[in-house]
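So the chains spell out like this:
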Amino acid sequence: MPGRNQKKFSTSLNQQPLADFKVGVDNVIFSVDTEKNRLLVLLVMRQQEPFLNYWSLPGTLVREGESLEDAAYRIMAEKIRVKNLYLEQLYTFGGPERDPREATGSYGVRYLSVSYFALVRFEEAELIADGVTGIAWYPVKQVPKLSFDHNEILAYGHRRLRNKLEYSPVAFEVLPEMFTLNDLYQLYTTVLGENFSDYSNFRARLLKLGFLSDTGVKVSRGAGRPASLYKFDAEAFAPFKDKPLVFI
């Protein structure tokens with residue numbers, strides 16, 4: 001049997017009018033700068049109230065007839081040009097006080113944010129500055145106070161990215177079709193930190209698991225000996241799908 005307070009709370013909610021929702025999409029777009037060992041996130045400067053001149057995640061309200069995923073891709077295409085990327089729906093943020101327009105607009109209007117996170121390589125992502133006065137890559141560790149609840153969304157996306165790298169082949173969505181093991185290792189150390197694994201153990205573990213195919217092609221970088229180029233074999237990876245700690 002529900003308690004008296006629970007009954008009172010339920011009755012109070014039943015007397016409230018239904019909320020009128022507006023749905024937006026906010027993208028947490030990460031880039032991996034392996035040259036400087038930095039994980040970056042794309043921020044844009046808001047040009048209107050609320051939060052005028054605050055940095056925020058790139059976002060948009062969903063248009064009539066537009067799917068959530070199409071809206072996420074649209075806002076990506078408006079901000080960056082990139083060939084290889086990974087995009088996944090993150091979470092829906094819909095607290096009743098997350099957007100100050102709820103207090104000043106019509107009673108019952110709520111703003112939901114369906115967030116997505118994306119991963120790209122920094123050297124491949126070209127920023128589109130047309131019509132945008134404020135757009136920049138920020139190191140995740142140096143992000144300022146953002147508009148709305150975007151710091152919370154960013155933190156959630158960062159946790160998801162780290163978890164995905166541990167058990168899923170998300171890195172191969174971002175790397176070129178052929179890559180060196182050092183390319184792969186640098187991506188992991190940039191996101192997870194240099195202490196997650198030493199290179200020798202990382203290399204030995206992945207080659208033993210058997211889902212990386214040696215192409216027989218070698219590439220020279222710097223004064224060291226040529227490095228082998230590998231390809232990711234999705235079919236060979238299938239037995240490991242969604243199993244934890246595959247990569248670390």
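Parameters at a glance
- Residues numbered from 1 in each chain as written.
- Predicted model: local features only at pLDDT ≥ 70, side-chain atom pairs only at ≥ 80, totals over all residues.
- Heavy atoms only, no water.
- Helix = DSSP H or I, 4+ residues; strand = E, 2+ residues; numbered from the N terminus.
- Buried < 20%, exposed > 50% of the residue type's maximum accessible area, 1.4 Å probe, protein only.
- Polar contact = N/O pair within 3.5 Å; in protein donor to acceptor, adjacent residues only side chain to side chain.
- Contact = heavy atoms within 4.5 Å.
- Expected span 1.5 Å × (residues − 1).
- Arc of directions from axis to C-beta.
- Salt bridge = Lys/Arg side-chain N within 4 Å of Asp/Glu carboxyl O.
- Pairing = 2+ DSSP bridges.
- Core = buried A, V, L, I, M, F, W, Y, C linked by side-chain atoms within 4.5 Å.
- Axes fitted to C-alpha atoms, helices over the stretch in contact; angles between N-to-C directions.
- Left-handed = near helix turned anticlockwise from the far one by under 90°.
- Nonpolar A, V, L, I, M, F, W, Y, C, P; charged D, E, K, R; others polar.

Per an unreviewed UniProt entry, the protein carries the name NUDIX hydrolase and comes from Nostoc parmelioides FACHB-3921.

### Structural notes on the side chain of Arg98
Following the sequence through the fold, Arg98 ends up in the loop between strand S6 (86–93) and helix H3 (101–104). Residue Arg98 is classed as buried on the basis of its relative accessible area, which comes to 10%. Among the polar contacts made by the side chain of Arg98, one reaches the main-chain carbonyl oxygen of Tyr111 at a distance of 3.1 Å. Those residues in contact with Arg98, other than ones at most four positions away along the chain, are Asp26, Phe93, Tyr111, Leu112, Ser113, Phe148, Asp149, His150 and Ile153.

### A word on helix H4 (residues 150–167)
With 18 residues, H4 ought to run about 26 Å at 1.5 Å a step, and its terminal C-alpha atoms sit 26 Å apart, in line with that. Among all positions in H4, only His150, Ile153, Leu154, Gly157, Leu161, Lys164 and Leu165 are buried. The buried residues of H4 occupy an angular sector of 100° when projected down its axis, which confines them to one face.

### Section: unusual backbone geometry
Residue Glu49 is joined to Pro50 through a cis peptide bond whose omega torsion reads 0°. Take Pro50: it is sitting in the loop between strand S2 (38–45) and strand S3 (55–56). Of note in this structure, Phe148 is not a glycine but carries a positive phi near 50°. In this structure, Phe148 sits in the loop between strand S9 (135–139) and H4. The exposure class of Phe148 is buried, given its relative accessible area of 12%.

### Observations concerning the pattern of salt bridges
Enumeration according to the criterion identifies 11 salt bridges in this entry. Across the pair Glu78 and Arg74 runs a salt bridge whose closest N-O atoms are separated by 3.6 Å. Of this pair, Glu78 and Arg74 are both found in helix H2 (residues 68–79), 4 residues apart, which corresponds to roughly one turn of the helix. Taking relative accessible area as the criterion, Glu78 reaches 32% and is therefore assigned partly exposed. When the shortest N-O distance is used, the salt bridge between Glu177 and Lys231 registers 3.2 Å. You can see Glu177 sitting in the loop between helix H5 (171–174) and helix H6 (181–192) and its partner Lys231 sitting in strand S11 (residues 227–232), a full 54 residues away along the chain. Judged by relative accessible area, which is 58%, Glu177 ranks as exposed.

### Comments concerning the environment of Ala155
Structurally, Ala155 can be placed in helix H4. C-alpha separation for the pair Ala155 and Val140, spaced 15 residues apart in sequence, amounts to 9.1 Å.

### So, the pairing of S2
For a regular strand, the rule is simple: side chains alternate between the two faces of the sheet. Here S2 lies mainly inside the structure; 6 of its 8 residues are buried. Bridge count between strand S1 (residues 20–33) and S2: 4 bridges; the pairing is antiparallel. Bridge pairing in S2 places Asp33 opposite Arg38. Connecting S1 to the next strand, S2, in antiparallel fashion are 4 residues, including Asn37 with a positive phi near 55°. Pairing between S2 and S9: 5 bridges, direction antiparallel. Considered in S9, the bridge of Leu43 is made with Ala136. Note that S2 and S3 share 2 bridges and pair antiparallel. Bridge pairing in S3 links Val44 to Ser56.

### Considering the nonpolar core
Of all hydrophobic cores here, the largest spans 44 residues; its most connected members are Val28, Phe30, Val41, Leu165, Leu184, Tyr188 and Leu212. For this core, the secondary-structure elements that each account for two or more residues are S1, S2, S6, strand S7 (109–121), H4, H5, H6 and helix H7 (199–209). Broken down by element, the residue count for this core peaks at 7 residues, all from H6. If we ignore the near neighbours within four places in the chain, the residues touching Leu212 are Phe172, Phe179, Leu181, Leu184, Leu206, Tyr230, Lys231 and Phe232. Among the nonpolar cores identified, the runner-up in size contains 17 residues, and Leu42, Ala72, Met76 and Ala125 belong to it.

### What about the packing of H4 against H6?
One way to put it is that H4 packs onto H6 with a least axis distance of 10 Å and a crossing angle of 145°. The two elements H4 and H6 meet at a crossing, and its hand is left-handed. Side by side, H4 and H6 meet where Leu161, Arg162 and Leu165 of the first sit next to Leu187, Tyr188, Val191 and Leu192 of the second. Partitioned by chemical class, the residues of the contact of H4 with H6 number 6 nonpolar, no polar and 1 charged.

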